[in-house]
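Next come the chains, spelled out residue by residue.
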Amino acid sequence: MSVRRDFNMTSRYGIYTCLCIAAILLLAMIGPVSAKVIILNSGDSIQSAVDILVKEGGVTDEGELCNDAIILNPGIYYQNGIIIPEYRARDLLITITSNDAAGGDQTNTIIDGINGQSGIIITDKKLEINGLTLRNGYSSTGGAIKANNQLTVISSTFTNCSAGDGGAIYSRSYGIRVSESTFNDCIASLDEGINYRHGGGGAIFTLGTISIDSSKFFNCHSKTRGGALYSNNYISVANSQFSDCSADIDGGAIDVFGSPVTVTGSSFVNCSAPGWGGAIFSYGGNIHYSRFSNVTDYYNEIIYSHGYMNTAYNWFGSNNPWNGETCDPSEPWMVLGITATPDSISPGETTAINTNITYDCSGVYHDPGIWHIPDGIPITYTTVSNDISVPYGSGNIVYGVSNAAFTLSSADYTLFNATADDQTVNVAFGTPPPTIPTITSISPTYGPTTGGTFVIIKGSHFIGSTAVSFGEKNDSNYFWADNDNVIYAVSPSGSVGTVDIIVTTPEGISATGDSDRFTYKEALNFTVSPEKIRTSDIVTFDASDSIDSDYETIIWDFGDGSYDISGKPVVNHNYSEVGTYTANLIVTDTSGV
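The sections below set out a description of the structure shown in this document. Starting afresh in each chain, residues are numbered from 1 along the sequence in its written order. Per-residue local features of the predicted model are confined to residues with pLDDT of at least 70, and side-chain atom pairs are confined, for both listing and counting, to 80 or more; whole-chain, interface and lining totals are unaffected and use all residues. To get the side-chain values, all heavy atoms of the structure are used, and hydrogens and water are removed first.

**Overview of the environment of tryptophan 315**
Part 1 of the argument: Under the DSSP-based scheme used, a helix requires at least four consecutive residues in state H or I and a strand at least two consecutive residues in state E, with every element numbered from the N terminus. Within the fold, tryptophan 315 resides in the loop between strand 39 (309-310) and strand 40 (334-341).
Part 2 of the argument: Note: C-alpha distance between tryptophan 315 and phenylalanine 292 (23 residues apart in sequence) is 6.3 Å.
Part 3 of the argument: By the convention used here, residues are in contact when the closest approach between their heavy atoms is within 4.5 Å. Contact partners of tryptophan 315, with chain neighbours within four places excluded, come to Ser290, Arg291, Phe292, Met334, Val335, Leu336, Ile357, Ile373, Ile377, Ala420, Asp421 and Gln423.
Part 4 of the argument: The term polar contact refers here to a pair of N or O atoms within 3.5 Å; inside protein, the definition further demands a hydrogen-donor-capable atom paired with an acceptor-capable atom, and it admits residues adjacent in sequence only when both atoms are side-chain atoms. At 2.9 Å, the side chain of tryptophan 315 forms a polar contact with the side chain of aspartate 421.

**Looking at the sheet that holds strand 60 (residues 570-573)**
Part 1 of the argument: Strands were regarded as paired on the criterion that DSSP finds at least two bridges between them. The sheet built from 3 strands is open, its strands ordered 56-57-60 with antiparallel pairing. The open sheet has two edge strands with one neighbour each: strand 56 (527-529) and strand 60. When the angles between neighbouring strand axes are averaged without regard to direction, this sheet yields 20°.
Part 2 of the argument: Judged from the 3 bridges that link them, strand 56 and strand 57 (residues 539-542) form a sheet pairing that is antiparallel. Note on strand 57: the bridge partner recorded for serine 529 is threonine 540. Geometry is summarised by axes, namely lines fitted to C-alpha atoms with helices restricted to the contacting stretch, and by angles between N-to-C directions that run from 0 to 180 degrees.

**A look at unusual backbone geometry**
Part 1 of the argument: Note that the residue after threonine 341, namely proline 342, is joined by a cis bond; omega there is 0°.
Part 2 of the argument: By secondary structure assignment, the location of proline 342 is in the loop between strand 40 and strand 41 (350-360).
Part 3 of the argument: The residue after serine 529, namely proline 530, is reached through a cis peptide bond having omega 0°.
Part 4 of the argument: With respect to the helices and strands, the residue proline 530 is situated in the loop between strand 56 and strand 57.
Part 5 of the argument: Of note, isoleucine 114 is a non-glycine position whose phi angle comes to about 40°, a positive value.
Part 6 of the argument: Residue placement: isoleucine 114 occurs in the loop between strand 9 (109-112) and strand 10 (121-123).
Part 7 of the argument: Each residue's exposure class comes from its accessible area (1.4 Å probe, protein chains only) as a fraction of the maximum for that residue type: buried when under 20%, exposed when over 50%, partly exposed otherwise. For isoleucine 114, a relative accessible area of 48% corresponds to the partly exposed category.
Part 8 of the argument: Backbone geometry at tyrosine 289 places phi at a positive 50°, although glycine is not the residue there.
Part 9 of the argument: Structurally, the position occupied by tyrosine 289 is in the loop between strand 35 (285-288) and strand 36 (291-293).
Part 10 of the argument: The exposure class of tyrosine 289 is buried, given its relative accessible area of 10%.

Here it is in structure tokens:
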């Protein structure tokens, strides 16, 4: 272990200096400067370096307050329970950083907590972690770091850390700032937590504010709330990524309990929660230019807010909750688009394909030089010709666009498809084939020979229909296409037997098959005996010649307020008073008609 005083060193992350020749007035203007820097090798004790700084640090030889630093040379430091007490002044900073002058960074400068019971670092002093990896930390609060003062994390990695609250970082009420850092496999477990009534925070827990920029959270989990981040104060996230994060209650990635959240330019992929907010749970805020893909929760509220939340200009992909709905111009979402330049080519010619997420659903262009959806959204290309789909490469959305070149191989009608997050757009080349109508189902499937049955026909390409036939040369006089997929028709009279319903449009006629079969049956009828009835007579009602096994329920209405629901085609009834009565037979077939 070496101790160095009164030196100048310019670092990748900042400047640590002790220019004691500066005037007292100048020191007051620029604030504290570093008085001591301790450089360690992997066999040295970080706690011992802290102890030296507690005794000698925080003040220059001239008596001026200053910040301190511990620089770690590349290597693995198997240490935990490092305690940094408050010393000199609470606002002074201690930095623990890798030694970039020796080629150190977060990939080769590692503090391994070897799953000790006290976490890796507990600090009462302002702390900055820079260019390090902290792994295998374990504690009841803050598996890697428990901060009782402000904490800044820069260009660092936290891996396999766990705690009751704040799997990697815990701060009771102080702000946490994280930039260009990564959190892997961090877990907040309810069993060990002391503040589980608030939440968990798989990576970070604080009752203060959290500021995240350009950072990544992979496979972080909370047994309660906030798979990656939890706070009951303000959270700000920019240009960050949350993948495979989950919580067992609310907020699969982020839970801001009682306060708003601001998120810009960030991704939420494969995040989940069984309660509210598969990605985010908050009390209002703003979320813009972010990506949500394959996010799940019980209530299908991937972003849940107890107050007003502005979610304009996000890309929801397969999670688009408004898919198929009219765009809300006050809060539009981003849409996938595609263009070809030129848009018409001959076989052997090439066109430039531009797939983009630069327009919102109201048609407004968003300049990616100002704001854009996060880079790296994978996109796949396919071509479809003669109903055969062929892969045509892949790419990524960068600055809102993905470019490809397409060469048309034949004169056949060809679709060039681009798919991102289960959303597909396409451009077409060549002359499209005729859109022949197709019938997929009809209801009901039978009716009386007298006609008059109202039939619902479902399928495709029905707009512009010119005829609906029940068998050859037996056109319906009444039909109309409600849309391209539904036609309503009234059956004409016909003969007993099964026929095909055929739809005709200017493009052609529908093919016949099992899905269009309609059966004509004898009209429903019944007999009454005897013909002359006295009040003492037993009257027999017989519909056995009209009812077959296709009928599920049979109800007789005798017109005197009496009914028979035995389901029999032949029943008896006695009229007790003289009068004129109208009897009705009501039957329901096996399809409910």
